[in-house]
Amino acid sequence: MSADLALMSLVPVAKGIADRRFSSREVTQACLDRIARWQPHLNAFMAIEADEALALADLADAALAKGEAGGALHGVPLAHKDMYYETGRVVTCGSRIRRDFVATTTSTALHRLKQAGAIRLGTLQMAEFAYGPTGHNAHYGPVRNPWNLDRITGGSSSGSGAAVAARLTFAALGSDTGGSIRMPAHFCGVTGLKTTVGRISRAGAMPLSQSLDTIGPLARTAQDCAVLLGLMAGPDAADLTTIAGPIPDYAAATNQPIDGLCIGVPASFYVDDLDAEVARGLDETIAVLKREGARIVAVELPDQRQLSAACQLVLAVEAASFHKRWLIERPQDYGPQVLMRLQNGLAIPGVTYLEAMRWRGQALSAHLAATVGVDAVIAPVAPVAAPTIAESDVGNGPDAEAVIQRLTRFTRPINYLGLPSLAIPAGFTRGGLPLGMQLIGRSFDEATLLRIGAAFQRSTDYHDRVPSSV
Amino acid sequence: MTRPTPKAIKAIAETTGVAASAEEATRIANSIGPAFEGFSAVAGTLPFDLEPATFLIVQAAEKAERAET
């Protein structure tokens, strides 16, 4: 029985524990069993805390036995990208520099999930300092894709994508500054939500770019993401960029039909130079959404290349600023590609950076004007399925920028605009690699994206498919 | 707006207090150069009164508008 428990998705497993149909210990053990089998092949976990997780599971079970009401995630084991601070815990941020860093605060997002009853399984691998789109890590090795161990997971939330896909954890926090949730979701065949800038507090999460960083979940379904978002969203005195106001009922949104919603299909850029199988996946996704009752319209978006360029300029400067002290004192402790990309920020004059920041509002206005009446825009997450680890291991060589650009071209414009985007599993290549599509929404309208994603998942089974056992 | 030369990058980096070798400066120029080119149509064209906080205003206005409908 316990092996099957790990294959469930988050919402039913939380309900099963709450209803005492099975125990938190059984669920946690099922995850640990899978972790023991998969970890040597995937390298998805940074740390596995088996004994502690089982002890916490026993406490959760004991509380339920005493009739003590738990939160929405009572006794559910989770693991997250190793960049969320938890007091007294080592948080490596995927780096050598922070290999022994012990946090003195707990991130708000993590705290809110813990308050809801979630149990910690350990921590997940990631790109060094969340600055890499492939899943390579010069210090800890690449994370491997559970659908094909020779392929990348995407990054920077590489361990999160692999662990959710292989059913090692029911969900995982990632972070998305240039595509770092959506790309692992696409390459690994899971659901990933990049939230609007300001929706979830970033307090206690490792920063990369204060203007672009967002926090969000990777999980098996849109419904799971909705529950997690509902628990984490909302204002936080420790992060004044979070917005006040009522939090929508995201879980309820996933039960609504999508009849009458309008979904835009970009006339250019996101449909240009696609791998044939990605193009087919996009067409099939649109057909499903149409069958579900959505109205499909063509949209002409403003120049996305300019948005992508502005995103690069902002990200490069802000990342270099965070890292400046270590760039001076410990450059030898960075991996070659991360060092090169951090050094990029040194080449950008202050006026150029501020121009890129000043243009942001105008660019968002132009996007909103181009999508009036459109509830979401559908686009591929990337123009290709997962490349091999070997071919994308470009370090700081002459091909590095071209590889990074190709992978992130469809995600970066959305980060610049600060918009939410939901990546959903939307098919497989003939070779068995997952394909993901992103639904790009309006500012703070994650609910509509989750509604569309859930409707799509009621009509398809891509999100239910599990990689063959190792 | 043109992409920065390795020579200019070396000078900027030194001003910042982070040394970059000639080889590193060349690598940086190749790496970030395309972003300068991509942004060149926007650079130098922005209205005088535009400031970074405009983004938050546009975001909030969009949210408020949707709440009303």
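The structure presented is a predicted model; accordingly, all values stated were derived computationally and were not measured.

Engineer: Run through the interface of chain A and chain B, naming residues and quoting values.
Structural biologist: Tallying the contact residues gives 42 residues for chain A and 34 residues for chain B. Here chain A and chain B share 1 salt bridge between them. In this structure, B:Glu62 and A:Arg442 form a salt bridge, with 2.9 Å as the shortest nitrogen-oxygen distance. Our enumeration of links across chain A and chain B arrives at 9 residue pairs in polar contact (both at pLDDT 80 or more). Mapped onto the side of chain A that touches chain B, the elements with two or more residues apiece are α11 (304-329), α12 (336-344), α13 (350-370) and α15 (412-417) of chain A. The element that contributes the greatest number of residues to the side of chain A that touches chain B is α13(A), accounting for 13 residues.

Engineer: Could you give an account of the pairing of strand β13 (residues 434-440) of chain A, with specific residues and numbers?
Structural biologist: Residue and element names in this part refer to chain A. The element β13 is largely enclosed, with a buried count of 7 among its 7 residues. The side-chain alternation of β13 yields two buried faces, one formed by Pro-434, Gly-436, Gln-438 and Ile-440 and the other by Leu-435, Met-437 and Leu-439. Judged from the 4 bridges that link them, strand β11 (residues 376-380) and β13 form a sheet pairing that is antiparallel. From the neighbouring strand, Ala-379 faces β13, where its bridge partner is Gln-438. As defined by bridge partners, strand β12 (residues 421-428) adjoins β13 across 6 bridges and the pair is classed as antiparallel. For Phe-428, the partnering residue across the bridge sits in β13 and is Pro-434.

Engineer: Help me get a handle on the pattern of salt bridges, residues and values and all.
Structural biologist: Residues and elements named next belong to chain A. Under the criterion given, the structure shown has 22 salt bridges over all chains. The partner of Glu-49 in a salt bridge is Arg-89, with the nearest N and O atoms 3.5 Å apart. With Glu-49 in the loop between β1 (45-48) and α4 (50-65) and Arg-89 in the loop between β2 (77-81) and α5 (108-115), this residue pair connects regions lying 40 residues apart in the sequence. The exposure class of Glu-49 is buried, given its relative accessible area of 15%. In this structure, Glu-68 engages Lys-66 in a salt bridge whose closest nitrogen and oxygen atoms are separated by 3.8 Å. Look at Glu-68 and you get partly exposed, because its relative accessible area is 41%.

Engineer: Let's hear about the pairing of β11(A): which residues, and what values?
Structural biologist: Looking along a regular strand, one sees side chains alternate from face to face of the sheet. All names here are of chain A. Burial within β11 is extensive, with 5 of its 5 residues counted as buried. Of the two faces of β11, the one holding Ala-376, Ile-378 and Pro-380 and the one holding Val-377 and Ala-379 are both buried throughout. Examined bridge by bridge, strand β9 (residues 262-266) and β11 share 2 bridges and lie parallel to one another. Residue pairing across strands places Ile-263 opposite Ala-376, the latter belonging to β11.

Engineer: Provide a residue-level description of the environment of A:Ala347, including the pertinent values.
Structural biologist: Locating A:Ala347 in the fold gives a position in the loop between α12 and α13. On the accessibility criterion, A:Ala347 (1% relative accessible area) is buried. Distance from A:Ala347 to A:Leu313, taken between C-alpha atoms, is 9.7 Å for residues 34 residues apart in sequence. Those residues in contact with A:Ala347, other than ones at most four positions away along the chain, are B:Pro4, B:Ile9, B:Ile12, B:Ile28, B:Ile32 and B:Phe36.

Engineer: A description of the packing of α11(A) against helix α2 (residues 22-39) of chain B should follow, citing residues and the corresponding values.
Structural biologist: Between two packed helices, both the angle of their axes relative to each other and the distance between the axes serve to describe the pair. Between α11(A) and α2(B), whose axes approach to 8 Å, the crossing angle comes to 130 degrees. What the angle tells us is that α11(A) and α2(B) run oblique. Crossing hand, α11(A) versus α2(B): left-handed. Packed against α11(A), whose contacting residues are A:Gln306, A:Ala309, A:Ala310, A:Gln312, A:Leu313 and A:Ala316, the element α2(B) presents B:Ser31, B:Ile32, B:Ala35, B:Phe36, B:Gly38 and B:Phe39 at the interface. Of the residues contributing to the contact of α11(A) with α2(B), the split by class is 8 nonpolar, 4 polar and no charged.

Reading the values: rules and limits
- Once a new chain begins, its residue numbering starts again from 1 and follows that chain's sequence as written.
- Here every chain gets a letter starting at A, and every ligand a number starting at 1, in the order they are written.
- Where totals are concerned, whole chains, interfaces and linings use all residues; where local detail is concerned, this predicted model gives features only for residues with pLDDT of at least 70, and gives and counts side-chain atom pairs only at 80 or more.
- Side-chain metrics rest on all non-hydrogen atoms present in the structure, leaving aside hydrogens and water.
- Throughout, a residue-residue contact means that at least one pair of heavy atoms, one from each residue, lies within 4.5 Å.
- Here a salt bridge means any side-chain nitrogen of Lys or Arg lying within 4 Å of a carboxyl oxygen belonging to Asp or Glu.
- In the analysis that follows, any N or O atom pair within 3.5 Å is treated as a polar contact, provided that within protein one partner can donate a hydrogen and the other can accept it, and provided that, for residues neighboring in sequence, both atoms belong to side chains.
- Secondary structure is summarised from DSSP: a helix means a run of H or I of at least four residues, a strand means a run of E of at least two, and numbering begins at the N terminus for each.
- Residue burial is assigned from relative accessible area. The probe radius is 1.4 Å, only protein chains are included, and a residue is buried under 20% of its type maximum, exposed over 50%, and partly exposed in between.
- Only when DSSP finds a minimum of two bridges between them are two strands counted as paired.
- Where helices are involved, their axes are fitted lines through C-alpha atoms of the stretch in contact, as for all axes, and angles between N-to-C directions lie from 0 to 180°.
- Oblique is the label for any angle not under 35 degrees, not over 145, and not in the 65 to 115 range, which are roughly parallel, roughly antiparallel and roughly perpendicular in turn.
- Crossings are assigned a handedness: left-handed for a near helix turned anticlockwise from the far helix by less than a right angle, right-handed for a clockwise turn.
- Residue polarity follows a fixed list, in which Ala, Val, Leu, Ile, Met, Phe, Trp, Tyr, Cys and Pro are nonpolar, Asp, Glu, Lys and Arg are charged, and the others, Gly among them, are polar.

Keep in mind these values describe shape, not function.
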